[in-house]
Every structure is written in structure tokens, then in C-alpha cells.
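The chain contents come next:
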Amino acid sequence: MKKWKVVLATLLFALIVIFVYVVNGVQNAKGIPEPSVKISVGSQAIKTIYYGDRYNEKRDEMERFLNFSFEEGWEAIPYVQIGEEVDITFDNFEATDVQITDVILTKEGRLKYGEQSDMTYGLKAVDGKLRYGLPSNPAVHLSSNLNDYAPGHVIRACFIRTQINGSNFLFSFVIRTNP
């Protein structure tokens, strides 16, 4: 009889330990929100593409998610004038040094030119926010197609790279501009 009490007590203790471990693990999994970025120009919200911290180093890896912005056609991509203020808000993480790479896209969402035409610049975020005036991209003048020079026909992707807990994270957004 004494032997059964020891086995039952040991089994009960093991079940309690497992229960506490599982409950603690579920609570910790819910406590770490995913990093996110909100982008707006004036009152216009711009769709953000989240790449995370993996498979975001090569140009073809960066290009593969751009098609999300083209789901309703290139004409539905938000139009932003050169010089307008782009507001970027970083949620659930701290960012200070931010690198933005501006590239020209085709109307199908593919990278139009080689890496030599990319325009990259570094910016500083303050209190989780970043604001900058959208510069012109000289690569727009590389096209020999006259239709590319029509108002609103320049499609640009801006890749936002920053460090989060020692890892490179990448976000992007796609807009239309003038040449």
C-alpha cells in the first residue's frame, strides 16, 4: 500500500511540473510581438511588406515579395510626389540607424535595372519615428521608353533595412512617382 502512495505522489508531482511548464511557455510565446513598420505620406497609408531577418540579402530575394503591391494592378499603387514627406513609424522594436535603398521597378513588379542604379542612403530614427522628403531617383532617366516619363508612371520600391537584436531586418514599400 505504501508503494502505491509513493508512485501516485510522484506521478502527481510530475503532472504539476508539466502543467506549470506548459502554461509558462504559452504565456511567454504571446509576450513577444513581431516587429512592424507603418508608413504614410500625408493622410495616405502605404502598404508595408515585411521580410523579417532571413532571406533578405540578395536582390532576387528582395524582389520576390514586391508582387504583393501589384495585386490590384500598378495603377492602384499609391502616388507620391517628389519632395513629399514620408513618415515611418517603427513598432515593437527600437531603431536608430536605418538604411533605405530606392530602386526602379517595371509595371510587373520586377527590378528594372542592375544594382548600380540603386540609390542607398542612411537616415537616423528618433523615438521610433523617421521622416524624410522623397528624393528623385536619377535612374528614372535611364529608360528609352517614352511612356516611362508620363506622370505617375515611375514605380519605385524603397527597402528599409535596420538592426533588431543584432539581426538585419528588412521592410519595403512600393510607390508611384513622376520622373
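Structure: above.
Thresholds applied
- Residues numbered from 1 in each chain as written.
- Predicted model: local features only at pLDDT ≥ 70, side-chain atom pairs only at ≥ 80, totals over all residues.
- Heavy atoms only, no water.
- Helix = DSSP H or I, 4+ residues; strand = E, 2+ residues; numbered from the N terminus.
- Buried < 20%, exposed > 50% of the residue type's maximum accessible area, 1.4 Å probe, protein only.
- Contact = heavy atoms within 4.5 Å.
- Areas by Shrake-Rupley, 256 points an atom, 1.4 Å probe, with all protein chains shown as cover.
- Salt bridge = Lys/Arg side-chain N within 4 Å of Asp/Glu carboxyl O.

Asker: Looking at this structure, I do not really get the overall build of the chain. What am I missing?
Answerer: Of regular secondary structure, the chain possesses two helices and nine strands. Reading the helices (α) and strands (β) of the chain from amino to carboxyl end gives α-β-β-β-α-β-β-β-β-β-β. Looking at the 179 residues of the chain, the share that counts as buried comes to 39%. Of the contacts formed within the chain by residues at least 6 apart in sequence, a portion of 70% connects residues at least 24 apart. Counting only carbon and sulfur atoms, one obtains 57% of the accessible surface of the chain, whose full area is about 11200 Å².

Asker: I tried to follow the pattern of salt bridges on my own but got confused; where do I start?
Answerer: A pair can form between side chains of opposite charge whenever their charged atoms are brought close. This model, assessed by the stated rule, comprises 10 salt bridges. The partner of Arg161 in a salt bridge is Glu57, and the shortest N-O contact between them spans 3.8 Å. Remark: Glu57 occurs in the loop between strand E3 (49–52) and helix H2 (59–63) and Arg161 occurs in strand E8 (residues 154–164); sequence separation between them is 104 residues. Note that Asp87 is salt-bridged to Arg131, the shortest N-O span being 2.5 Å. Of the two residues, Asp87 sits in strand E4 (residues 85–91) while Arg131 sits in strand E7 (residues 129–133), which places them 44 residues apart along the sequence. One network of salt bridges, in which partners are shared, links Glu85, Asp87 and Arg131.

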